[in-house]
Amino acid sequence: TNTFTTFDEAEMNVQRYINNADSAYAKINSNQDLKVLQEELQSIIKSLSIGIQDQPDNERLLDKQSFMYAELAWVLINHDEYSKAEEMVKEGMAINPSNNSLKSYLPTALLLQGKRDEAEKIYLEMKEIMDGRTPFRDTFLDDLDRLEASGITHPDFGEIRKLLDQ
């Protein structure tokens, strides 16, 4: 016999928030100007916040919102808005402190603001933590490479690479 598992109303609402976030995110064009990108990502974050108010412990909603905060932080870093990127990471971490992928943007935002000591501390504490199948060391190095490829450089990038390779 076939059994059909029904979803309760709460789970259907969670899925609705996630679907709406995914749909809105799919429409975002990375070539848009910073103001538009920032507004659209913040709109998605606000929408997910409503779902989180209803279900504050729902990991799917928290993970989706953390992903959007991470995307916003990366956009801000790539538009030389380092202190705003730091704010977005910290705001997202206050909601979902267990998301290391979001936290991984913090040291780069700090470094680019000249806060090398704070950045180094986070790089060192996170570099061996696994980011999927690879350690965050690889993620950090990839981020530095992507930034340099897009024209964003910093005199401490070389020293940070050495630190991460130790």
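Numbering of residues begins from 1 in every chain and follows the order in which that chain's sequence is written. Given that this is a predicted model, residues contribute local features only at a pLDDT of at least 70 and side-chain atom pairs are listed and counted only at 80 or more, while totals for whole chains, interfaces and linings are drawn from all residues. Remark: hydrogens and water are excluded; side-chain values derive from all non-hydrogen atoms of the structure.

**Some words on the packing of aromatic side chains**
Part 1 of the reasoning: Each Phe, Tyr or Trp ring, with Trp reduced to its six-membered ring, pairs with another whose centre is within 6.5 Å; inter-plane angles below 30 degrees give stacked pairs, above 60 give edge-to-face pairs, and intermediate values give tilted ones. Within the structure shown, the criterion is met by 4 aromatic pairs.
Part 2 of the reasoning: Ring centres of Tyr 123 and Phe 140 lie 4.8 Å apart, and the angle between their planes is 85 degrees; on these two criteria the pair is classed as edge-to-face. Of this pair, Tyr 123 sits in helix α7 (residues 116-126) while Phe 140 sits in helix α8 (residues 136-149); the two residues are 17 residues apart in sequence, bridging distant segments of the chain. Both residues of the pair, Tyr 123 and Phe 140, belong to the buried class. Numbering of helices and strands runs from the N terminus; a helix is a DSSP stretch of H or I covering at least four residues, while a strand is a stretch of E covering at least two. Classification of residues uses two cut-offs on accessible area relative to the type maximum, computed with a 1.4 Å probe and protein chains only: under 20% is buried, over 50% is exposed, and between them is partly exposed.

**A short note on α8**
Part 1 of the reasoning: Helix span is expected to be 1.5 Å times the residue number reduced by one. Taking 1.5 Å per residue as the helical rise, α8 with its 14 residues ought to reach 20 Å, and the 20 Å between its terminal C-alpha atoms agrees with that figure.
Part 2 of the reasoning: For α8, the complete set of buried residues consists of Phe 136, Arg 137, Thr 139, Phe 140, Leu 141, Asp 143, Leu 144 and Leu 147.
Part 3 of the reasoning: Immediately beyond the C-terminal end of α8, within one or two residues, lies Gly 151, with a positive phi of roughly 100 degrees.

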